[in-house]
Every structure is written in C-alpha cells, then in structure tokens.
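Chain by chain, the residues run as shown.
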Amino acid sequence: MFGYINLNRKELAGESVKAYQAYYCGLCQMLKQSCGAKGQMLLNYDMTFLVALLSGLYELGHKETEFTCPLHPTKKQKAWTNEATEYAADMNVILAYHNFEDDWKDNKAYTKRALAKAFSKDYKRIQKKYPRQVKSILRYTEELARAEAAEEENIDVIAGLTGEMLGEVFAWKEDEWAEELRCLSFYMGKFIYLMDAYEDLEQDKKRQEYNPFAKMVCEQEKDFETFAKLILTSMMSECAKSFERLPILQHADILRNVLYSGVWSKYEYIQLKKKKQEKKARGKQNVKSL
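Only a predicted model underlies this, so the values are computations on that prediction, with no experimental measurement involved.

### A short note on the pattern of salt bridges
In step 1: As enumerated under the stated definition, the model contains 20 salt bridges in all.
In step 2: Glutamate 174 serves as the salt-bridge partner of arginine 182, at 2.7 Å between the closest nitrogen and oxygen.
In step 3: On the accessibility criterion, arginine 182 (14% relative accessible area) is buried.
In step 4: Here the residues in one salt-bridge network are Arg132, Glu168, Glu174, Glu179 and Arg182, joined through shared partners.

### As for the layout of surface pockets
In step 1: Empty space within the largest pocket amounts to approximately 1,400 Å³.
In step 2: As for the largest pocket, its lining consists of 43 residues, of which Asp102, Asp103, Asp106, Glu148 and Asp196 are closest to the centre.
In step 3: Class assignment of the residues belonging to the lining of the largest pocket gives a composition of 21 nonpolar, eight polar and 14 charged.

### As for the packing of helix α1 (residues 14-35) against helix α2 (residues 45-57)
In step 1: The interhelical angle for the contact between α1 and α2, taken along N-to-C directions, is 110 degrees, at an axis separation of 9 Å. For the element pair α1 / α2, the angle class is roughly perpendicular. Considering the relative orientation of α1 and α2, their crossing is right-handed. Every residue of α2 that contacts α1 at Tyr20, Gln21, Tyr23, Tyr24 and Leu27 is listed here: Tyr45, Met47, Thr48, Phe49, Val51, Ala52 and Ser55.

### A few points about the state of the cysteines
In step 1: Applying the stated criterion to the full structure yields zero disulfides.
In step 2: No disulfide involves cysteine 28; its nearest neighbouring cysteine sulfur is the one of cysteine 69, lying 6.5 Å away.

### Focus: the side chain of arginine 182
In step 1: Checked against the element boundaries, arginine 182 lands in helix α8 (residues 178-207).
In step 2: A distance of 2.8 Å separates the side chain of arginine 182 from the side chain of glutamate 168, its partner in a polar contact.

### So, unusual backbone geometry
In step 1: In this model, glutamate 151 sits at a positive phi of 55 degrees, which is unusual for a non-glycine residue.
In step 2: With a phi close to 65 degrees, histidine 251 is a non-glycine residue in the positive phi region.
In step 3: Mapping histidine 251 onto the fold places it in the loop between α9 (221-245) and α10 (252-260).
In step 4: Under the relative-accessibility criterion, histidine 251 is labelled buried at 14%.

### Considering the nonpolar core
In step 1: One finds Phe49, Phe170, Met188 and Leu194 to be the most contacted residues of the largest nonpolar core, which totals 90 residues.
In step 2: The element best represented in this core is α8, accounting for 12 residues.
In step 3: Non-local contacts of phenylalanine 170, meaning those with residues more than four positions away in its chain, are made with Phe49, Leu50, Leu53, Leu54, Leu181, Leu184, Ser185 and Met188.

### Some words on the packing of aromatic side chains
In step 1: Per the counting criterion, the structure on display carries 15 aromatic pairs.
In step 2: Look at tyrosine 198 and tyrosine 267: their rings are 5.5 Å apart centre to centre, the planes differ by 25 degrees, and that puts the pair in the stacked class. Of this pair, tyrosine 198 sits in helix α8 while tyrosine 267 sits in helix α11 (residues 265-289), placing them 69 residues apart in sequence. When sorted by exposure, tyrosine 198 lands in the same class as tyrosine 267, which is buried.
In step 3: Considering the side-chain rings of phenylalanine 213 and phenylalanine 224, the 5.6 Å spacing of their centres and the 80 degrees angle between planes classify their relative orientation as edge-to-face. Linking phenylalanine 213 in the loop between α8 and α9 with phenylalanine 224 in helix α9, this pair joins segments that are 11 residues apart in sequence.
In step 4: Take phenylalanine 224: its relative accessible area is 7%, and that puts it in the buried class.

### Focus on the environment of glutamine 271
In step 1: Positionally, glutamine 271 belongs in helix α11.
In step 2: Taking the C-alpha atoms as reference, glutamine 271 lies 19 Å from methionine 235; in sequence the two are 36 residues apart.
In step 3: Aside from chain neighbours lying at most four places away, what touches glutamine 271 is Tyr198 and Glu225.

What counts and what doesn't
Residues numbered from 1 in each chain as written. Predicted model: local features only at pLDDT ≥ 70, side-chain atom pairs only at ≥ 80, totals over all residues. Heavy atoms only, no water. Salt bridge = Lys/Arg side-chain N within 4 Å of Asp/Glu carboxyl O. Buried < 20%, exposed > 50% of the residue type's maximum accessible area, 1.4 Å probe, protein only. 1 Å grid on protein atoms, 1.4 Å probe; cavity = no way out; pocket = protein on both sides within 12 Å on 5 of 7 lines; lining within 4 Å. Points joined across faces, edges and corners; volume = space filled by probe spheres on them. Nonpolar A, V, L, I, M, F, W, Y, C, P; charged D, E, K, R; others polar. Axes fitted to C-alpha atoms, helices over the stretch in contact; angles between N-to-C directions. Helix = DSSP H or I, 4+ residues; strand = E, 2+ residues; numbered from the N terminus. Parallel < 35°, antiparallel > 145°, perpendicular 65-115°, else oblique. Left-handed = near helix turned anticlockwise from the far one by under 90°. Contact = heavy atoms within 4.5 Å. Disulfide = S-S within 2.5 Å. Polar contact = N/O pair within 3.5 Å; in protein donor to acceptor, adjacent residues only side chain to side chain. Core = buried A, V, L, I, M, F, W, Y, C linked by side-chain atoms within 4.5 Å. Phe/Tyr/Trp six-rings, centres within 6.5 Å; stacked < 30°, edge-to-face > 60°.

Below, the structure is given as structure tokens:
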C-alpha cells in the first residue's frame, strides 16, 4: 500500500520542502534507532505524511539533529523527530510486516518470508504498545483476503476495508480529533486501494488475478478511464474536506500539497506511460501498413 501519498516538490516553496525532507530523514533515523539498519529499508513518504499531519494537528515541536547519510555523504543532513515520528515508525514496521506476510502467502516470495522473520521481534514489541492498531490491521488482512477470494464486485465495499484499517492507524490517540482523523484516512485508504488496483489492472488481467475494476463493462476504454478518474477524485475530495475541518496551521501548505497534488503523481505517471504505449503501437501499425 506504500507509494501513493507523495509530495509534489515543484509546487511547494523551498523551506517547506526542506521541512518535509527533515521529517523524512527523521523517520529514517527513528526506524534505524528502533529496528537497526534493516528498519531504514522500510522508509517511505506515506508515513512521512502521517508525521507531518500529526505534528501539525497536535502542534508538536521537534528535535533537530544532523547526520551523515551514506546516500549523500558530502553534506550533513537534518533530521526532525518528535512523538509522532516514533509512532509513525512503529506503524511503518507493522504495515510492512503484514505486506511481507501477504506477499509470502500470495506469491510464495521467499525473500518476503525472510524479511517478515527479520522483523518478527520488532513486530511483537510494537504489538504490545499499540494493540488497537495491530488488531485492526490483523482483522483487515483477514477480511481483505476473504473478500478478494470471493471476488467482491462492490468497489466501495472492498476499498472500504483499507479505509477502515488506515483509519485506526491515523487515529493516534482516542481524543477529540480521532474521528476526524479516521474520516480523513478512511477516504485516503480507499483511494490507495483503488489507485493500486488501477495501476495493476492490465497485469492482473494477464495473470487472471482478482482486480475490483476487472469486471467493469464499458463500451469504450475512455468510458472506463472517465469512471476511474471520477471515483479516485471523489475519494480524495472527501479526504480533503475532512482535512479542512481540522484546525491545522502548522505545515498546512505541505499537507495541502500532498492531498491536492502529490497523490496524483502516480496517476499522471500511468497516463504518460499509456500514451507512450499507444504511440508505440500506432508506430508499429503504420510500419505494417506500408
């Protein structure tokens, strides 16, 4: 489920980009501190968004440290960490662990089985700290497996499972903001699931694997594309509405950048890829007609 909640760096001021990068580096350092060097391989921008969101909502400060990154050894990097960073790092590990387990069960990917074993002790440690969140993720994986095995045709139902799970992850504390955070992340979770399905549609068709979009009957390809864009837009619209109801001033520009622009980067990439494929196909057709 990782890889869809991104930042659009071109549309954000330099200082805000630096702040987001500092949270990203802070998450990296926290994963290393929590799980050792192996934890850093789990680093992603999805959980960086959670750090920025919770930091802004709860108006958290941050501890700034400088470090040398092996990927950028010529210049010291800045890392911002706080309570939200620690929480997001733990959720990062839990979600990644279940992704590894799912890949092993579904595809018999031995590397993923080995990775799951490598993080098993960390998983058990975090499970004791956050039983509500872990229980929700466990329930989600079971329900999703059943729904996909039954080839659930109701897109709203199947996507809603991811939404409910992510709602429990984003609801850091059971306080006055918990329900709005659940609402925001419910629609974000649905968007993530459907975007993943949209990206994998052609591959799933070839492999004859389940995809919620596969049984959609459209007279023309453009009709399907219109529907897919409409439903994805609807999910992010509801997510953004929920965000705007939260009293967030700190990092608001960063968060809006992600919600209104960054999340569409993968969709735009897919469209560009399709256009290139169509152009290539037309070129081959023209050669044959000569």
